[in-house]
Amino acid sequence: MRLKGIAASPGIAIGPAFLLKVRDFKVARRTLSSPEEADGEIGRLRDAVDQLDADLEKLSNDIGHVVEGRQIMEFLRLLLRDPMIHRDVEERISQNLESAEYAVSTVLQEVVSKFLELDDPYIRERVADVRDIGRRLLEKLLGTEKDFLARSEVPMILVTEDLDPTDTASIDTSQVLAIITDLGGSTSHTAIIARSMGIPAVVALGNITSSVGPRDIVVVDGIHGQVTVNPTDTELLFATEIREKYIEAERRMAENTGSPTVTADGVKIELSANIEFPQEVALVKKYGGFGVGLFRTEFLRLLNRGTETEEDHFRVYDGVAASLAPDPVIIRTYDMGGDKFRKGMAEEANPFLGYRGVRICLDNPEEFSIQLRAIMRASRHGNVKMMFPMITHVEQLRRIREILTNIRQELYREGIPFDGGMPVGFMVETPAAVVALDLLLPYADFVSIGTNDLTQYTLAVDRGSPLVADLYDPFHPAVLRQIDRVVRYTHSQGKWVGVCGIMAGDPLAVPLLLGMGVDELSVASSLIPDVKKMISVFTTTSAAEIAADAMKMETGRDIRAMVFSQVVGRYPEILLDESLGVRK
Amino acid sequence: MKTRTLTVPNRLGIHARPAALIVRKASEFRSEVFISNGVDEINAKSIMGVMTLAAAGGSRITISTDGPDEETALDGVCAVIESGFGEEMLP
């Protein structure tokens with residue numbers, strides 16, 4: 001079975017599936033191919049029942065001193081061994097060729113509804129037990145018991161609805177070959193994390209969680225956004241070949257990472273990396289990035305849950321700055337809210353229009369100062385820049401300037417070294433920041449365009465909603481014109497502009513951004529060799545012509561097609577991995 | 001096949017705990033054991049069956065057994081029910 005989703009992180013992976021969690025004991029129907037498979041399925045069911053029964057027996061002994069607990073366990077075991085249930089389930093498997101999971105869930109749901117119809121309140125209360133047994137049995141069948149990853153001997157392909165940002169803390173990259181999800185888009189948190197970890201990912205697959213059984217072999221093609229469940233021998237062979245080619249191509253790309261990034265006419269471009277965790281500095285170096293153009297710092301909050309001290313911040317920033325020096329690192333202050341780290345915050349109807357980024361930080365100036373002071377102290381290496389997310393109002397920049405002035409005075413009084421000339425910038429990620437740039441820019445030394453948010457705010461498209469995901473398009477003329485406008489105005493003020501969204505790593509967007517005159521591109525580490533190659537095939541003049549042409553066109557699709565025709569002659573390799581850029 | 005009809009003697013009837021006691025007893029025998037309330041007949045070795053029967057205190061049920069040990073099975077299961085499951089009995 002082959003499924004198409006959105007390519008979220010490049011690479012090919014082949015391995016057994018691991019389902020992260022089942023929320024209810026409802027699973028989708030999966031039909032078996034033969035009576036022989038049905039026999040195997042019944043065997044699998046009986047094994048699961050035996051295992052669960054053993055678990056319950058142990059649990060029953062453990063709580064043996066509690067009479068009621070023991071009774072409950074015995075009741076659960078009787079449910080588990082119920083001959084009526086077994087007859088119904090096994091009949092469904094052998095006659096209707098239903099999967100064990102589907103048969104179990106259907107039969108137990110029938111039992112639940114039968115129980116709910118009864119007048120006897122004592123029996124109706126037992127519905128919870130039926131659900132409990134159902135869930136436990138499905139977990140056994142699906143192999144979704146918690147901390148399973150920790151115990152698994154082979155690396156797995158993680159299958160889940162959507163990766164909760166906090167789940168990512170528990171992911172052991174040595175155990176995860178790829179991530180595939182029901183929901184999400186190419187800019188969802190799952191995608192960002194996967195790219196930053198160099199793990200292939202395909203998102204927005206609809207209901208992959210119900211199409212894949214535990215230990216099913218899955219081929220994940222993060223280049224074309226394709227997932228094949230239980231591939232045929234031919235498909236498997238083909239995937240193995242592609243994977244080897246991809247690994248080989250990656251290796252060759254990584255070889256010439258020492259050279260600087262220059263255009264065909266010799267103009268040097270700053271090509272740096274987006275990182276999420278300090279450990280990724282190694283990847284930045286491996287792929288030859290010129291420092292870090294976006295260091296997201298939210299993981300510190302994730303790890304410390306609000307108890308992080310100035311020293312916690314400082315150790316991380318100072319370490320990253322020291323290992324990158326003299327290459328630069330742009331540290332972005334906390335960008336909580338939006339789709340990230342909403343736990344513990346009040347519910348909002350529109351989180352992306354709500355409490356996020358610098359809005360939260362400025363409401364908690366003491367806490368904010370802790371982070372700012374730590375960044376300021378790390379600036380002693382001379383290569384640190386500081387950047388603020390979600391700036392929409394001049395007042396915000398004024399307040400930040402006051403806080404920074406105070407911190408500088410404190411550090412000076414305390415005799416702590418820092419870089420007095422550390423550049424300070426902000427992210428341009430709302431139409432407000434674009435339109436009012438002349439009011440905001442006097443407070444900054446540089447700006448960095450966050451194309452993901454700028455696209456979603458400009459087009460009023462929630463990038464996480466699959467219903468409107470096709471309207472999300474960074475090549476939309478409204479987005480490109482804003483970028484163009486920001487670059488021209490910022491340059492007129494003698495300042496520089498970076499781009500740190502997904503767009504900066506899109507092969508088709510690179511010539512446009514180059515042509516508009518963007519000074520710095522910041523992309524996921526693994527994309528650096530690709531983008532470097534792209535930059536090297538264009539002269540600044542040819543890129544400027546392409547950008548000027550794009551400004552005259554009506555649709556994102558036309559612009560993409562035009563750029564593609566320009567790119568393909570200079571960089572034929574793009575045909576091989578065309579889907580990297582030519583997403584519709 | 002042997003059958004016997006009796007009255008559920010405890011006030012709360014056959015709820016979860018009594019059902020478990022009946023199933024455990026019935027499962028001790030090789031014979032098939034059924035309980036009928038006059039409308040449905042269920043397998044007494046199935047906790048689901050016994051519970052969905054939901055026999056109220058004071059209701060009349062018929063036990064039937066069929067197999068090599070049908071005599072002792074019938075006596076055994078009836079004894080459990082007649083004991084009232086150690087619960088409060090109807091007056």
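Structure: above.
What counts, and where the lines are drawn
Per-chain numbering applies: the sequence of each chain, read as written, is numbered from 1 onward. Both sets of labels track the order of writing: A upward for chains, 1 upward for ligands. Totals for whole chains, interfaces and linings use all residues, but because this is a predicted model, local features are given only for residues with pLDDT of at least 70 and pairs of side-chain atoms are given and counted only at 80 or more. Per the convention used, a helix needs a DSSP run of H or I reaching at least four residues, while a strand needs a run of E reaching at least two, with both numbered from the N terminus. Counts of 20 or more other C-beta atoms within 10 Å of a residue's own C-beta define buried residues, counts of 12 or fewer define exposed ones, and intermediate counts define partly exposed ones; C-beta atoms are placed from the backbone. We call two residues in contact whenever the C-beta atoms placed from their backbones are within 7 Å. At least two bridges found by DSSP between two strands is the condition for calling them paired. Helix axes are fitted to C-alpha atoms over the stretch in contact, other axes to C-alpha atoms as well, and angles between N-to-C directions run from 0 to 180 degrees. Any nonpolar core is a set of buried residues, restricted to Ala, Val, Leu, Ile, Met, Phe, Trp, Tyr and Cys, that join up through C-beta atoms within 7 Å. How far each domain reaches was decided by an automatic or database domain assignment. The span expected for a helix works out to 1.5 Å for each residue beyond the first. Roughly parallel refers to an angle under 35 degrees, roughly antiparallel to one over 145, roughly perpendicular to one between 65 and 115, and oblique to any angle outside these ranges. Rotating anticlockwise by less than a right angle from the far helix to the near helix defines a left-handed crossing, while the corresponding clockwise rotation defines a right-handed one. The residue classification treats Ala, Val, Leu, Ile, Met, Phe, Trp, Tyr, Cys and Pro as nonpolar and Asp, Glu, Lys and Arg as charged. All others, Gly included, are polar.

(A) Quick look at the overall build of chain B. Looking only at helices and strands, chain B has 3 helices and 4 strands in total. In chain B, the order of α-helices and β-strands from amino to carboxyl end is β-α-β-β-α-β-α. Out of the 91 residues in chain B, the part that is buried amounts to 38%. A fraction of 74% describes how many contacts in chain B between residues 6 or more apart in sequence connect residues 24 or more apart.

(B) Geometry of the overall build of chain A. Of regular secondary structure, chain A possesses 24 helices and 16 strands. Within chain A, contacts between residues at least 6 apart in sequence are counted, and of these 68% link residues at least 24 apart.

(C) Local environment of the interface of chain B and chain A. Counting residues at the interface gives 15 residues for chain B and 17 residues for chain A. No other element matches the 5 residues that helix H2 (residues 47–53) of chain B contributes to the side of chain B that touches chain A.

(D) Expanded view of the sheet that holds strand S2 (residues 32–36) of chain B. Residues and elements named next belong to chain B. Spatially, 4 strands are ordered S1-S4-S2-S3 in an open sheet, and the strand pairing comes out antiparallel. Bordering the open sheet on either side are strand S1 (2–7) and strand S3 (41–43), each of which pairs with just one other strand. Geometrically, the sheet is characterised by an average inter-axis angle of 25° between neighbouring strands, direction not taken into account. Alignment of S1 against strand S4 (residues 60–66), held across 6 bridges, turns out to be antiparallel.

(E) Quick peek at the nonpolar core. If you look at the biggest cluster of nonpolar residues, it comprises 90 residues, and the most contacted ones within it are Ile157, Val159, Ile180, Ala201, Val202 and Val220 of chain A together with Val50 of chain B. Of the residues that make up this core, three or more belong to each of domain 1 (2–21 + 147–249) and domain 2 (35–142) of chain A. Each residue touching Val50 of chain B, except ones within four places of it in the same chain, is listed here: Ile14, Ala19, Ile22, Val23, Ile35, Ile42 and Ala44 of chain B. Counting 85 residues, the second-largest nonpolar core is a separate cluster that includes Tyr287, Ile331, Phe388 and Ile528 of chain A.

(F) Just the pairing of strand S3 (residues 12–19) of chain A, in detail. All names here are of chain A. Taken together, the 5 bridges between S3 and strand S7 (residues 217–221) define a ladder with antiparallel strand orientation. Looking across to S7, one finds that Gly15 is bridged to Val218. Relative to strand S4 (residues 156–160), S3 is paired through 3 bridges, and the arrangement is parallel. Considered in S4, the bridge of Ala17 is made with Ile157.

(G) Spotlight on helix H4 (residues 100–117) of chain A. Taking 1.5 Å as the rise per residue, H4 of chain A with 18 residues should run 26 Å; its terminal C-alpha atoms sit 26 Å apart, in good agreement. All buried positions along H4 of chain A are accounted for by Ala100, Glu101, Tyr102, Ala103, Val104, Ser105, Val107, Leu108, Val111 and Phe115 of chain A.

(H) Layout of the packing of helix H3 (residues 83–96) of chain A against H4 of chain A. Residues and elements named next belong to chain A. Taken N-terminus to C-terminus, the directions of H3 and H4 make an angle of 135°; their axes are 9 Å apart at the nearest point. What the angle tells us is that H3 and H4 run oblique. The handedness of the crossing between H3 and H4 is right-handed. Within the contact between the two elements, H3 uses Ile85, Asp88, Val89, Arg92 and Ile93 and H4 uses Ala100, Ala103, Val104, Thr106 and Val107. Residues belonging to the contact of H3 with H4 are distributed by class as follows: 7 nonpolar, 1 polar and 2 charged.

(I) Main features of the sheet that holds strand S10 (residues 292–295) of chain A. Spatial ordering of the closed barrel is given by S9-S10-S11-S12-S13-S14-S15-S16 (chain A), a layout of 8 strands whose pairing is parallel. Strand-to-strand twist in this sheet, taken as the mean axis angle between neighbours without regard to direction, amounts to 25°.

(J) Representation of the environment of Met156 of chain A in the model. Its place among the elements puts Met156 of chain A in strand S4. Each C-alpha atom of the pair Met156 of chain A and Val218 of chain A lies 9.4 Å from the other, and the pair is 62 residues apart in sequence.

(K) Just unusual backbone geometry, in detail. Residue and element names in this part refer to chain A. Here the bond from Ala325 into Pro326 is cis, since omega is 5°, no more than 30 degrees from zero. Not every positive phi belongs to a glycine, and Leu97 is a case in point at roughly 55°. Residue position: Leu97 is located in the loop between H3 and H4. For Leu97, a count of 17 C-beta atoms within 10 Å puts it in the partly exposed group. Backbone geometry at Ala460 places phi at a positive 55°, although glycine is not the residue there. Looking at where Ala460 falls in the secondary structure, it is placed in the loop between helix H19 (451–459) and helix H20 (477–492).

(L) Layout of the pairing of strand S16 (residues 520–524) of chain A. All names here are of chain A. Of all 5 residues that make up S16, 5 are buried, and the element is covered over most of its length. For strand S9 (residues 270–275) and S16, the ladder comprises 5 bridges, and the chain directions are parallel. Bridge pairing links Ala273 to Val523 in S16. Relative to S16, strand S15 (residues 496–499) is paired through 2 bridges, and the arrangement is parallel.

(M) Structural detail: the environment of Leu437 of chain A. Tracing the sequence through the fold places Leu437 of chain A in helix H18 (residues 437–440). Along the backbone, Leu437 of chain A and Val447 of chain A are 10 residues apart, and their C-alpha atoms lie at a distance of 9.8 Å.

(N) Region of interest: H20 of chain A. All names here are of chain A. The first and last C-alpha atoms of H20 sit 22 Å apart over 16 residues, in line with the 22 Å expected at 1.5 Å per residue. Looking only at H20, the buried set comprises Val479, Leu480, Gln482, Ile483, Asp484, Val486, Val487 and Thr490. Positive phi appears at Gly494, one or two residues downstream of H20, with a value of about 70°.

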